[in-house]
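An overview of the molecular structure
Here is how the chains run, residue by residue.
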Amino acid sequence: TYLYLVGLAGGVVDGQGGNAMIAAFEPEKGKKQWATMLGDDPALWDDALNLLSGSLSKGEYCAGLVEVWRAAMEGRGRLLLVEKGYQQSATLGDDAATLIIGEDPVHAYRKIADAVDDVMETVLQKGGKVQFVQDGRLDAYDRIALVTRY
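So, here is what we can say about the structure in this document. Everything numeric here is computed off the predicted structure, so don't read it as measured data. (Residues numbered from 1 in each chain as written. Predicted model: local features only at pLDDT ≥ 70, side-chain atom pairs only at ≥ 80, totals over all residues. Heavy atoms only, no water.)

For the structure shown, the criterion picks out four salt bridges. One salt bridge in this structure joins arginine 76 and glutamate 74, with 2.9 Å as the shortest N-O distance. Each of Glu83, Asp135 and Arg143 takes part in a single network of salt bridges with overlapping partners. (Salt bridge = Lys/Arg side-chain N within 4 Å of Asp/Glu carboxyl O.)

The structure is reproduced here in structure tokens:
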């Protein structure tokens, strides 16, 4: 049995419930809708990247998984941009907002199999949106970027 998060808005999933739904116990239907949500439409990518570009001069963005994780935990996420193929294991530090990549600290709270998936869930839970983009489009941002609310 599988549980799929399905976007209904072309490639953007929002945590408000308006454009997202859960398709449970229907793996084939869920797979097709998940593929639709990934949005292979370059116009969607360009819109999201333009929003990110506009946020740079205002300082309303974060780049790299560690910075994005902290901002998402603080509830500052407006739009998370993620390369489709990006996955990263990590370790949660002494507090929930501290993410450690590439080390196995002795006092680490817990290991996270895919911190990218977890940060996407957090952004959605806190009312933000997630946009997948083609691999390579976010190289300058370490494969993940967050447009923040402030």
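The end-to-end C-alpha distance of helix 2 (residues 42-56) is 21 Å, a good match for the 21 Å that 15 residues give at a rise of 1.5 Å each. Among all positions in helix 2, only Trp45, Ala48, Leu49, Leu52 and Ser55 are buried. Buried positions in helix 2, seen along its axis, are confined to an arc of 115° and lie on one side of it. Summarising the geometry of helix 2, the exposed residues directed more than 90 degrees from the buried face are Asp47 and Asn50. In this fold, the buried residues of helix 2 make contact with strand 4 (61-63), strand 5 (77-83), strand 9 (129-133) and strand 10 (144-148). (Helix = DSSP H or I, 4+ residues; strand = E, 2+ residues; numbered from the N terminus. Expected span 1.5 Å × (residues − 1). Buried < 20%, exposed > 50% of the residue type's maximum accessible area, 1.4 Å probe, protein only. Arc of directions from axis to C-beta. Contact = heavy atoms within 4.5 Å.)

Below, the discussion takes up the packing of helix 3 (residues 65-73) against helix 4 (residues 115-125). Packing of helix 3 against helix 4 brings their axes to within 9 Å, and their N-to-C directions diverge by 30°. Regarding the angle of helix 3 to helix 4, the classification is roughly parallel. As helix 3 packs across helix 4, the resulting crossing turns out to be left-handed. Residue-level inspection shows Leu65, Val68, Trp69, Ala72 and Met73 of helix 3 in contact with helix 4, the latter providing Ala115, Val116, Asp118, Val119, Thr122 and Val123. Among the residues making up the contact of helix 3 with helix 4, the classes are represented as nine nonpolar, one polar and one charged. (Axes fitted to C-alpha atoms, helices over the stretch in contact; angles between N-to-C directions. Parallel < 35°, antiparallel > 145°, perpendicular 65-115°, else oblique. Left-handed = near helix turned anticlockwise from the far one by under 90°. Nonpolar A, V, L, I, M, F, W, Y, C, P; charged D, E, K, R; others polar.)

We now examine the side chain of threonine 122. Positionally, threonine 122 belongs in helix 4. The exposure class assigned to threonine 122 is buried, which follows from its relative accessible area of 9%. With near-sequence residues (within four places) excluded, threonine 122 lies in contact with Ala72 and Met73.

Moving on, we come to the side chain of glutamate 83. Here glutamate 83 lies in strand 5. Taking the relative accessible area as the measure of exposure, glutamate 83 reaches 2% and is therefore buried. For glutamate 83, the side chain forms a polar contact with the main-chain nitrogen of arginine 137, separated by 3.4 Å. Ignoring any residue separated from it by four or fewer positions in sequence, one finds glutamate 83 in contact with Val133, Gln134, Asp135, Gly136, Arg137, Leu138, Asp139 and Arg143. (Polar contact = N/O pair within 3.5 Å; in protein donor to acceptor, adjacent residues only side chain to side chain.)

Quick look at unusual backbone geometry now. Although it is not a glycine, aspartate 142 adopts a positive phi angle of roughly 60°. Structurally, aspartate 142 is set in the loop between strand 9 and strand 10. A relative accessible area of 53% places aspartate 142 in the exposed class. In this structure, arginine 143 takes a positive phi of about 75° despite not being glycine. Here arginine 143 is to be found in the loop between strand 9 and strand 10. Residue arginine 143 is classed as partly exposed on the basis of its relative accessible area, which comes to 27%.

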